[in-house]
Amino acid sequence: MTAAEGAGRLLVVDDEATVRELLSATLRFAGFEVISAATGGEAVAAAAEAPPDLVLLDVMLPDTDGFEVVRRLREQRTGGTRGPVPVLFLTARDGRADKITGLSLGADDYVTKPFDLEELIARIRAILRRTTSNGSDVLTVGPLALDADGHQVTRSGEPVRVSPTEFRLLRYLMENAGRVVSKAQILDRVWQYDFGGDASIVDTYISYLRRKVDAEEPKLIHTVHGVGYVMREPPR
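Here the residue numbers are simple positions, counted from 1 along each chain's written sequence. In keeping with the model being predicted, local features are shown solely for residues with a pLDDT of at least 70 and side-chain atom pairs are shown and tallied solely at 80 or more, while totals for entire chains, interfaces and linings include all residues. For side-chain calculations, the full set of non-hydrogen atoms in the structure is used, while hydrogens and water are omitted.

## What to know about the packing of helix H6 (residues 164-175) against helix H8 (residues 200-213)
At a minimum axis separation of 10 Å, H6 and H8 run at an interaxial angle of 85°. Viewed along their axes, H6 and H8 adopt a mutual orientation that is roughly perpendicular. Residues Thr165, Glu166, Leu169, Leu170 and Leu173 of H6 form the contact with H8, whose participating residues are Tyr205, Ile206, Tyr208, Leu209, Lys212 and Val213. All residues other than Ala, Val, Leu, Ile, Met, Phe, Trp, Tyr, Cys, Pro, Asp, Glu, Lys and Arg, Gly among them, are scored as polar; the first ten of these are nonpolar and the last four charged. Among the residues making up the contact of H6 with H8, the classes are represented as eight nonpolar, one polar and two charged. Angular values range over 0 to 180 degrees, each being the angle between N-to-C directions of two axes fitted as lines to C-alpha atoms, with helices fitted over their stretch in contact. Helix and strand definitions follow DSSP, with helices as H or I runs of at least four residues and strands as E runs of at least two, each counted in order from the N terminus. Roughly parallel means an angle under 35 degrees; roughly antiparallel means over 145; roughly perpendicular covers 65 to 115; every other angle is labelled oblique. The contact rule is simple, with two residues in contact once any of their heavy atoms fall within 4.5 Å.

## Structural notes on the sheet that holds strand E11 (residues 221-224)
The strand order E10-E12-E11 describes an open sheet built from three strands, whose pairing is antiparallel. Looking along the sheet, the strands with just one partner apiece sit at the ends: strand E10 (181-182) and E11. Direction of pairing for E10 relative to strand E12 (residues 228-231): antiparallel, over a ladder of two bridges. Following the sheet pairing, Val181 is matched in E12 by Tyr229. Packed onto the sheet, H6 meets E10, E11 and E12 and runs at close to 70° relative to E12. Packing against the sheet, H8 makes contact with E11 and E12, and its axis sits at approximately 145° to E11. Two strands form a pair only when DSSP identifies at least two bridges running between them.

## Focus: unusual backbone geometry
In the segment running from Lys113 into Pro114, the intervening peptide bond is cis, with an omega of -5°. Mapped onto the fold, Pro114 is located in the loop between strand E5 (109-112) and helix H5 (117-131). The omega torsion of the bond from Glu217 to Pro218 falls at -5°, within 30 degrees of zero and hence cis. At Ser156, a residue that is not glycine, the phi angle is positive and equals roughly 55°. When you line up the elements, Ser156 lands in the loop between strand E8 (152-155) and strand E9 (158-160).

## Topic: the pattern of salt bridges
Salt bridge, as applied in this entry: a Lys or Arg side-chain nitrogen positioned within 4 Å of an Asp or Glu carboxyl oxygen. All told, the structure shown has eleven salt bridges when counted by the stated rule. The shortest N-O distance in the salt bridge between Glu119 and Arg123 comes to 2.7 Å. Of the two residues, Glu119 and Arg123 are both situated in helix H5; the distance of four residues between them amounts to about one turn of the helix. Categorising residues by exposure relies on relative accessible area from a 1.4 Å probe, with only protein chains included: less than 20% of the type maximum marks a residue as buried, more than 50% marks it as exposed, and the intermediate range marks it as partly exposed. According to the relative accessible area criterion, Glu119 is partly exposed, its value standing at 34%. For Glu216, the salt bridge goes to Arg155, with nearest N and O atoms at 3.9 Å. Within this pair, whereas Glu216 is found in the loop between H8 and E11, its partner Arg155 is found in strand E8, the two being separated by 61 residues in sequence. The exposure class assigned to Glu216 is partly exposed, which follows from its relative accessible area of 43%. Because the salt bridges share partners, they merge into one network encompassing Asp14, Glu16, Asp58 and Lys113.

Geometric descriptors of this kind do not, in isolation, establish any biological role.
Right, dumping it as structure tokens:
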């Protein structure tokens, strides 16, 4: 992976030196610029000195919890020209209440330790694609492009006609390219079901999309059996 592919400044916040150093080294190798902090106070100070494009934040810190750090980071960015800093929580706490608290504060993702480094990098890239578009709401994955403002989809420059529901599903998959999303997550995001909808509708619409955007090679939408679906960039 090149620096251009991984462009972005990341702030890694974790009080465990081993975890912090491993993450920092891995992310630098993936092409990111990385700064790190061991406490909430250090994180807020570091973000003020060199505003990050994304924060990887441990919930359990020695001086405060990650939720309070998010609040302080949001206040720090208020009134500036940049929007709220994206946050991805890294934590050993997997309770539903913690996840709800984190997401309600505007966190962009929530990863439970131990985590897979390759998956973590894919999630980081997905968040950065959504938040560093420089005013252009166009998503691209390989030969596929989705213009959210113009409500248009093209593959290799050729227009693809999709229904409004297919458009929302495709956009969600492209926003999370490289990350496996479950049927429950798709239902909640695309159909706004509170995990109580008929999951077979996801399979049906994935089939519709494949016929329209994956009729030729390379295939972009992949099934991860027992887990969900993922949109992946074609091999280079």
